[in-house]
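Next come the chains, spelled out residue by residue.
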2 protein chains.
Amino acid sequence: MTYENLDAKLVNALLGDGRASLRSLAEELDVSVTTVSNHLSDLEEQGVIEGYTPRVDYDAVGYDVTAVIQLQVEGNALPDVTDTLRDHRQMTSVYEVTGDYDVIAIGKFEDTDGMNDQIKQLLTDPDIKASNTSVVLNAVSENEQFELEVEDEE
Amino acid sequence: MTYENLDAKLVNALLGDGRASLRSLAEELDVSVTTVSNHLSDLEEQGVIEGYTPRVDYDAVGYDVTAVIQLQVEGNALPDVTDTLRDHRQMTSVYEVTGDYDVIAIGKFEDTDGMNDQIKQLLTDPDIKASNTSVVLNAVSENEQFELEVEDEE
DNA sequence: CATCGAGATTTTCGTACGTCATCAGGTACA
DNA sequence: TGTACCTGATGACGTACGAAAATCTCGATG
């Protein structure tokens, strides 16, 4: 019964330290290094873990402004618009959504001028029928990845 | 010249592989292992790199629904509301924003029922004056971290 | 005033040592 | 049969430390 639980624990341990060694993970989870190695490979192959990244504080490197941009798009132009947004490197998330707007995108900019320039340029697309931009005043939490549930048994 | 450039290159290399060894990074950037180690420590101390995490595909572990929740909040209750949201483990991002709404939060849920339950419970808070939920139909890109600019000189 | 250079500081580097990841072969248990 | 474990062997890895190189500081000099 540990089999699937171990995977969840392994993911959670890595969420705590994504550069932890297999040995330290093995010790933490009280299994052998081999087992950690095997399960980790499986998780990567299954696509549960898609890769590893540092958490970069963009504020600390000069990207002081975050904005949430909502767009109403002409129906059949949706793929074009989302493609364009994704290719903007500063767009961190692009969602197609239900509701008043069709697309919600989140982007990071060096300052409000840079933000305005980029957004104005985006809105020249005639397929965009309406837009609404919210500037982030305070990121209470951002891109947090929560831990997976571990069913505990004795 | 290279000093700050090396830091940017180092961050970019880690964005490519967050578990890359110091040796492979050193080879890629054509500096010694020690230099990589020193600069990496500095970046961590300065807070540019806040830690390392695996990229978890929540879809693959049963969290099939992502929602963007927008709230209008009674002015002085804003901190309480954002605190509550942040403590909901499934809320990955919580922003205080300008515009029609005061708070934009992004959350992940196992299914629409679970989402509805949690959102309904949230909205019992009398400080929340209005709300608007958009369900994500398609995550074109999510929590992408873009590379830092490297000024090239000869 | 521009230049120089000795000394101090910072940055980078190579080496060395203990640890680590990986693989293979074999055991135990359900 | 499948999962987890141990052992041993090998090459890769992280870190500490002193040497070397590059950079900066600043007063003296022509």
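The rules we used
- Residues numbered from 1 in each chain as written.
- Chains lettered and ligands numbered in written order.
- Predicted model: local features only at pLDDT ≥ 70, side-chain atom pairs only at ≥ 80, totals over all residues.
- Heavy atoms only, no water.
- Contact = heavy atoms within 4.5 Å.
- Buried area = accessible area lost by both parts, 1.4 Å probe.
- Salt bridge = Lys/Arg side-chain N within 4 Å of Asp/Glu carboxyl O.
- Polar contact = N/O pair within 3.5 Å; in protein donor to acceptor, adjacent residues only side chain to side chain.
- Helix = DSSP H or I, 4+ residues; strand = E, 2+ residues; numbered from the N terminus.
- Near = heavy atom within 4 Å.
- Nonpolar A, V, L, I, M, F, W, Y, C, P; charged D, E, K, R; others polar.
- Buried < 20%, exposed > 50% of the residue type's maximum accessible area, 1.4 Å probe, protein only.
- Arc of directions from axis to C-beta.
- Least-squares fit on C-alpha atoms with pLDDT ≥ 70 in both.
- Domains from an automatic or database assignment.
- Axes fitted to C-alpha atoms, helices over the stretch in contact; angles between N-to-C directions.
- Parallel < 35°, antiparallel > 145°, perpendicular 65-115°, else oblique.
- Pairing = 2+ DSSP bridges.

If you look at the interface, chain A gives 60 residues, while chain B gives 60 residues. Contact between chain A and chain B buries roughly 6000 Å² in total, counting both sides, with carbon and sulfur atoms accounting for 54%. By the criterion of area lost to chain B, the three top residues of chain A are Arg 19, Tyr 95 and Phe 146 of chain A, representing 14% of everything that side buries. Applying the counting criterion to the chain A and chain B interface returns 2 salt bridges. Residues Arg 89 of chain B and Glu 149 of chain A are paired through a salt bridge, measuring 3.4 Å at the closest nitrogen-oxygen approach. Run the count over chain A and chain B and you get 46 residue pairs in polar contact (both at pLDDT 80 or more). The set of elements that each furnish at least two residues to the side of chain A that touches chain B consists of helix H1 (2-16), strand E1 (49-56), strand E2 (65-73), helix H4 (78-87), strand E3 (91-97), strand E4 (103-109) and strand E5 (128-141) of chain A. No other element matches the 9 residues that E5 of chain A contributes to the side of chain A that touches chain B.

Our focus in this paragraph is the protein's contact with DNA strand D. Surveying the vicinity of DNA strand D reveals the residues Arg 19, Val 31, Ser 32, Thr 35 and His 39 of chain A together with Ser 21, Leu 22, Arg 23, Val 33 and Thr 34 of chain B. Here DNA strand D approaches the protein such that, of its atoms within 4 Å, sugar and phosphate make up 69%. In the environment of DNA strand D, a phosphate oxygen lies 3.2 Å from a nitrogen or oxygen atom belonging to the side chain of Ser 21 of chain B. Here Leu 22 of chain B contributes a backbone N or O atom positioned 2.8 Å from a phosphate oxygen of DNA strand D. Elements supplying a minimum of two residues to the surface near DNA strand D: helix H3 (33-46) of chain A together with helix H2 (22-29) and helix H3 (33-46) of chain B. By residue class, the composition of the surface near DNA strand D is 3 nonpolar, 5 polar and 2 charged.

Note that an α-helix has 3.6 residues per turn; residues three or four places apart therefore point the same way. All names here are of chain B. Buried residues of H2: Leu 25, Ala 26 and Leu 29, and no others. Along the long axis of H2, the arc covered by the buried residues comes to 100°, so they all point the same way. More than 90 degrees from the buried face of H2, the exposed residues found are Arg 23, Glu 27 and Glu 28. Positive backbone phi, approximately 60°, marks Asp 30, located one or two places after H2.

Moving on, we get to the side chain of Ser 134 of chain B. Position of Ser 134 of chain B among the secondary structure elements: in strand E5 (residues 128-141). Sequence-distant contacts of Ser 134 of chain B, that is, excluding residues within four places in its chain, are made with Val 97, Thr 98 and Ile 104 of chain A together with Thr 66, Ala 67 and Val 68 of chain B.

To continue, consider the relation of the copies chain A and chain B. Both copies of the chain are related by one operation, a rotation about an axis with a shift along it. Rotating chain A by 180° and translating it 0.0 Å along the rotation axis places it on chain B, where the RMSD comes to 0.1 Å. Considering both components of the superposition, the chain copies are consistent with a two-fold axis. Both copies contact each other with a shared surface, as 100% of the interface residues of chain A are interface residues in chain B too.

You can read the domains of chain A as domain 1 (2-46) and domain 2 (58-135). Put simply, the middle of domain 1 of chain A and the middle of domain 2 of chain A, counted by C-alpha atoms, are 37 Å apart.

The next point concerns the packing of H2 of chain B against H3 of chain B. The relative placement of two packed helices is expressed as an angle between their axes plus a distance between the axes. Residues and elements named next belong to chain B. Remark: H2 packs on H3, axes separated minimally by 8 Å, with the N-to-C direction vectors making an angle of 105°. In terms of orientation, H2 lies roughly perpendicular with respect to H3. Contact with H2, carried on its side by Leu 22, Arg 23, Leu 25 and Ala 26, involves Val 33, Val 36, Ser 37 and Leu 40 of H3 and no other residues of that element. Classifying every residue of the contact of H2 with H3 gives 6 nonpolar, 1 polar and 1 charged.

Next up on the list: the sheet that holds E3 of chain A. Strand order in the closed barrel made by the 8 strands is E2(A)-E4(A)-E3(A)-E5(B)-E2(B)-E4(B)-E3(B)-E5(A), with antiparallel pairing throughout. Put simply, the sheet's adjacent strands are angled 35° from each other on average, direction ignored. Here 4 bridges tie E5 of chain A to strand E3 (residues 91-97) of chain B, and the two strands are oriented antiparallel to one another. Across the sheet, residue Val 136 of chain A finds its bridge partner in E3 of chain B, namely Val 97 of chain B. Contacting E2, E3, E4 and E5 of chain A together with E5 of chain B, H4 of chain A crosses the sheet at an angle of about 165° to E3 of chain A.

Another point: the protein's contact with DNA strand C. Taken together, Ser 21, Leu 22, Arg 23, Val 33 and Ser 37 of chain A together with Val 31, Ser 32, Thr 34, Thr 35, Asn 38 and His 39 of chain B make up the full set of residues adjacent to DNA strand C. For DNA strand C, the backbone makes up 65% of the atoms found within 4 Å of the protein, where backbone means sugar plus phosphate. Arg 23 of chain A places a polar side-chain atom, nitrogen or oxygen, 3.0 Å from a base nitrogen of DNA strand C. Broken down by secondary-structure element, the contributors of at least two residues to the surface near DNA strand C are helix H2 (22-29) and H3 of chain A together with H3 of chain B. Ranked by residues supplied to the surface near DNA strand C, first place goes to H3 of chain B with 4 residues. Looking at the surface near DNA strand C residue by residue, the class counts come to 3 nonpolar, 7 polar and 1 charged.

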